[in-house]
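This is what each chain is made of:
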Amino acid sequence: MGSSSRQDQDPAKILWAPWRMEYIEHCGTPEKGCIFCDKPKQNDDRSNLILLRGGTVYVIMNRFPYNNGHLMVVPFRHTSDMGSLTDGERSEMFEQLEVCRTVLTRVMQPHGFNIGMNLGRVAGAGIADHLHFHIVPRWDGDTNFMPILGHTKVVSEGLERTWDKIRDALKS
Ligand SMILES: [Zn+2]
């Protein structure tokens, strides 16, 4: 009790805030374009960490993950407005979230998930102009070693290995 090294923090707050800073630091100025629009146009899914392409949405790994296996489901179409999603986009987003949940369960055996959206910068969105769902696997006790106040601990080599594993599982 009363330890100053690990204060009681609201887990939701811990979970949804940090990647915002990572994106701001790593992605430069917003006028450089939108990574969620640009990456699918490049034909290099492994180095862009794109796992799955559907008709209207795709799945990409977060390059600055909060936890191992942190994925995002993103519509190809650039929009920040949930209300503008078509029925097709809406249902495909949900389908792909479920594909992600299933495959992450198989590959990583997490104990739970956080799934959600940060709409607007004030809510923690790193890329507020192009909405996206986060799906973050959780393990008992993972907040104890998460880089809550520090910087990301995952290197890109590790990310590509994870990409291989999930990609293989998606095909099987
Ligand atoms: Zn975009």
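If you're wondering where the values come from, they're calculated on a predicted model, not measured in any experiment. (Residues numbered from 1 in each chain as written. Predicted model: local features only at pLDDT ≥ 70, side-chain atom pairs only at ≥ 80, totals over all residues. Heavy atoms only, no water.)

A. How the structure looks around the pattern of salt bridges. Summed over all chains, the structure comprises five salt bridges. Among the salt bridges present, the one from Arg-46 reaches Asp-164, with a minimum N-O distance of 2.8 Å. Of this pair, Arg-46 sits in helix α4 (residues 45-48) while Asp-164 sits in helix α6 (residues 156-171), placing them 118 residues apart in sequence. On the basis of relative accessibility, which here comes to 35%, the residue Arg-46 falls in the partly exposed class. Each of Arg-46, Glu-160 and Asp-164 takes part in salt bridges that share partners, so that together they form one network. (Salt bridge = Lys/Arg side-chain N within 4 Å of Asp/Glu carboxyl O. Helix = DSSP H or I, 4+ residues; strand = E, 2+ residues; numbered from the N terminus. Buried < 20%, exposed > 50% of the residue type's maximum accessible area, 1.4 Å probe, protein only.)

B. Spatial organisation of the coordination of the zinc ion. Looking at the zinc ion, the protein donor atoms are Cys-34 (SG), Cys-37 (SG), His-78 (ND1) and His-130 (ND1), and they sit 2.0 to 2.3 Å from it. In the primary sequence, the donor residues of the zinc ion line up as C-x2-C-x40-H-x51-H. With Cys-37 in helix α3 (residues 35-41) and His-130 in the loop between β4 (112-116) and β5 (133-138), this pair connects stretches of sequence that are 93 residues apart. We note that Cys-37, like His-130, is buried. (Donors = N, O, S within 2.8 Å, 3.2 Å for Na, K, Ca; no water.)

C. Inspection of the side chain of Gln-96 at higher detail. Relative to the elements of secondary structure, Gln-96 occurs in helix α5 (residues 87-108). Classification of Gln-96 as buried rests on a relative accessible area of 6%. Sequence-distant contacts of Gln-96, that is, excluding residues within four places in its chain, are made with Leu-52, Arg-53, Gly-54, Val-57, Tyr-58, Val-59 and Val-73. (Contact = heavy atoms within 4.5 Å.)

D. The sheet that holds β4, seen in detail. Pairing is antiparallel across the open sheet formed by five strands, whose spatial order is β1-β2-β3-β5-β4. Edge strands, defined here as strands with exactly one partner in the open sheet, are β1 (50-53) and β4. Averaged over all pairs of adjacent strands, the angle between strand axes in this sheet comes to 20 degrees, irrespective of strand direction. Note: strand β3 (residues 71-75) against β5, three bridges, orientation antiparallel. Within the sheet, the bridge partner assigned to Val-73 lies in β5 and is Phe-133. (Pairing = 2+ DSSP bridges. Axes fitted to C-alpha atoms, helices over the stretch in contact; angles between N-to-C directions.)

E. Main features of the environment of Gly-158. Along the chain, the position of Gly-158 falls in helix α6. Residue classification places Gly-158 among the buried positions, given a relative accessible area of 18%. Spatially, the C-alpha atoms of Gly-158 and Asn-68 are 9.2 Å apart, while their sequence positions differ by 90 residues.

F. Quick peek at the nonpolar core. Formed by 33 residues in total, the largest nonpolar core has its most connected members in Phe-36, Leu-51, Ile-60, Met-61, Leu-71, Val-73 and Met-93. Of all the elements, α5 adds the most residues to this core, at seven residues. For Ile-60, the residues in contact, after removing those within four places along its chain, are Phe-36, Lys-39, Asn-48, Leu-49, Ile-50, Leu-51, Leu-71, Met-72 and Val-74. (Core = buried A, V, L, I, M, F, W, Y, C linked by side-chain atoms within 4.5 Å.)

G. Region of the structure containing unusual backbone geometry. The phi torsion at Leu-49 lies on the positive side, around 65 degrees, for a residue other than glycine. Residue placement: Leu-49 occurs in the loop between α4 and β1. Non-glycine residue Gln-109 carries a positive phi angle of around 45 degrees. You can see Gln-109 is positioned in the loop between α5 and β4.

H. Inspection of α5 at higher detail. Its 22 residues place the ends of α5 31 Å apart at the C-alpha level, agreeing with the 32 Å of an ideal helix rising 1.5 Å per residue. Along α5, the residues classified as buried are Glu-89, Glu-92, Met-93, Gln-96, Leu-97, Cys-100, Val-103, Leu-104, Val-107 and Met-108. Projection of α5 onto a plane perpendicular to its axis shows the buried side chains occupying an angular sector of 145 degrees, all on one side. Away from its buried face by more than 90 degrees, α5 exposes Asp-87, Phe-94 and Glu-95. Positive phi shows up at Gln-109, right after α5, with a value of about 45 degrees. (Expected span 1.5 Å × (residues − 1). Arc of directions from axis to C-beta.)

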